Amino acid sequence: MRSCILLCGGMSRRMGRDKGSMKILNKPMIIHILEALNNQIDELVIVLNDENRIKKYKKIITQKNYSFKIYFTIDVENDLGPLCGIMTGLDNIHSDYALVLPCDSPYLDSDFVYYMFDTLESILENEENETLMALVPYHRSPKDVDIIKRAEPLHSIYHKSYIPLIEEFLQNNIRKVRVLMKNQNCLYMPIDNHLINEDNFKNLNRPTDIEE
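Presented here is a report on the structure given in the accompanying data block. (Residues numbered from 1 in each chain as written. Predicted model: local features only at pLDDT ≥ 70, side-chain atom pairs only at ≥ 80, totals over all residues. Heavy atoms only, no water.)

## Looking at the pairing of strand β5 (residues 69-74)
Each regular strand carries side chains that alternate between the two faces of the sheet.
In step 1: Two elements, strand β4 (residues 43-48) and β5, share six bridges in a ladder whose sense is parallel. Across the sheet, residue Ile-46 finds its bridge partner in β5, namely Phe-72.
In step 2: Handedness of the β-α-β unit built from β4, helix α2 (residues 51-60) and β5 comes out right-handed. (Pairing = 2+ DSSP bridges. Helix = DSSP H or I, 4+ residues; strand = E, 2+ residues; numbered from the N terminus. Right-handed = clockwise from strand over helix to strand, strands pointing away.)

Take a look at the structure:
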């Protein structure tokens, strides 16, 4: 089973309004993402921060338009950031791994989704020892920069065994998603504009980021 987690529980302080429901090129931002996921995954868990937003998104999203099953869930704790959203999503998937995505990346394409899961499945077929914990795209750099700093943690695949580790991080007030990669068995995949294109990671945080 191919599972995906879509993080929509943020406060959108910089944008000033709910990002996933904002219209980009005449359709809500979240619909661009769901269309890229069509025929690529089996289930999608959409993580939101309250029942009112779930009702709002259910009006935007029509299940019959998509090949995968859509589930809605509420963050375990509000306003703890994407790390908590990842934990919530992992606790609700029906498989061992999930591709995590943010709701503000409307330029995601289906080739990226396919390549991430295809790579994961190839690795699992040949896995003999330690469990792969994460599959993480990263930006190449001519300088000797820490690969974790160049990673895209909100466009990565994670194993659900991260759940207790995330709980521990949050209890210790650690909220940066990149902590998931430290001292873990992670595979890093270069963003090369061939197999993985930079456009997949373009996110919209402020009104000035929007191209009408």
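Next comes the rest of the write-up.
## Some remarks on the packing of aromatic side chains
In step 1: In total, this model carries four aromatic pairs according to the counting rule given.
In step 2: Look at Tyr-138 and Tyr-188: their rings are 6.5 Å apart centre to centre, the planes differ by 80°, and that puts the pair in the edge-to-face class. Placement of the pair is Tyr-138 in strand β7 (residues 134-139) and Tyr-188 in strand β9 (residues 186-191), with a sequence separation of 50 residues.
In step 3: In this structure Tyr-138 comes out as buried when scored by relative accessible area, which is 14%.
In step 4: The ring of Tyr-71 has Lys-69 sitting right over it, with the charged end atom 5.8 Å from the ring centre. (Phe/Tyr/Trp six-rings, centres within 6.5 Å; stacked < 30°, edge-to-face > 60°. Buried < 20%, exposed > 50% of the residue type's maximum accessible area, 1.4 Å probe, protein only. Lys NZ or Arg CZ within 6 Å of the ring centre and 35° of its normal.)

## Side note on helix α3 (residues 82-90)
In step 1: With eight of nine residues buried, α3 lies mostly within the body of the structure.
In step 2: Where the residues of α3 are buried, they touch β1 (3-7), β4, β5, β6 (97-102), β8 (157-159) and α5 (163-171). (Contact = heavy atoms within 4.5 Å.)

## What to know about a positive patch on the surface
In step 1: A surface patch of positive charge is lined by Lys-149, Lys-176, Arg-178 and Lys-182.
In step 2: Position of Lys-149 relative to the elements: it lies in the loop between β7 and β8. (Patch = residues over 30% accessible without salt bridge, like charges linked within 9 Å, V, L, I, M, F, W, Y side chains within 5 Å. Areas by Shrake-Rupley, 256 points an atom, 1.4 Å probe, with all protein chains shown as cover. Salt bridge = Lys/Arg side-chain N within 4 Å of Asp/Glu carboxyl O. Lys, Arg positive; Asp, Glu negative; His and termini not counted. Charge placed at Lys NZ, Arg CZ, Asp CG, Glu CD.)

## Re the sheet that holds β6
In step 1: Strands sit in the order β5-β4-β1-β6-β8-β7-β9 across an open sheet of seven strands; the sheet is mixed. Since the sheet does not close on itself, it has two edges, and those belong to β5 and β9, each with one partner. On average, each strand axis in the sheet is tilted by 30° relative to the strand beside it, whichever way the strands run.
In step 2: In the sheet, β7 pairs with β8 via two bridges, with the strands oriented antiparallel. Looking at the pairing, Leu-135 lines up with Ile-157 of β8.
In step 3: Strands β4 and β5 of the sheet are contacted by α2, whose axis makes an angle of about 160° with β5.
In step 4: Lying on the sheet, α3 is in contact with β1, β4, β5, β6 and β8; it crosses β1 at an angle near 145°. (Axes fitted to C-alpha atoms, helices over the stretch in contact; angles between N-to-C directions.)

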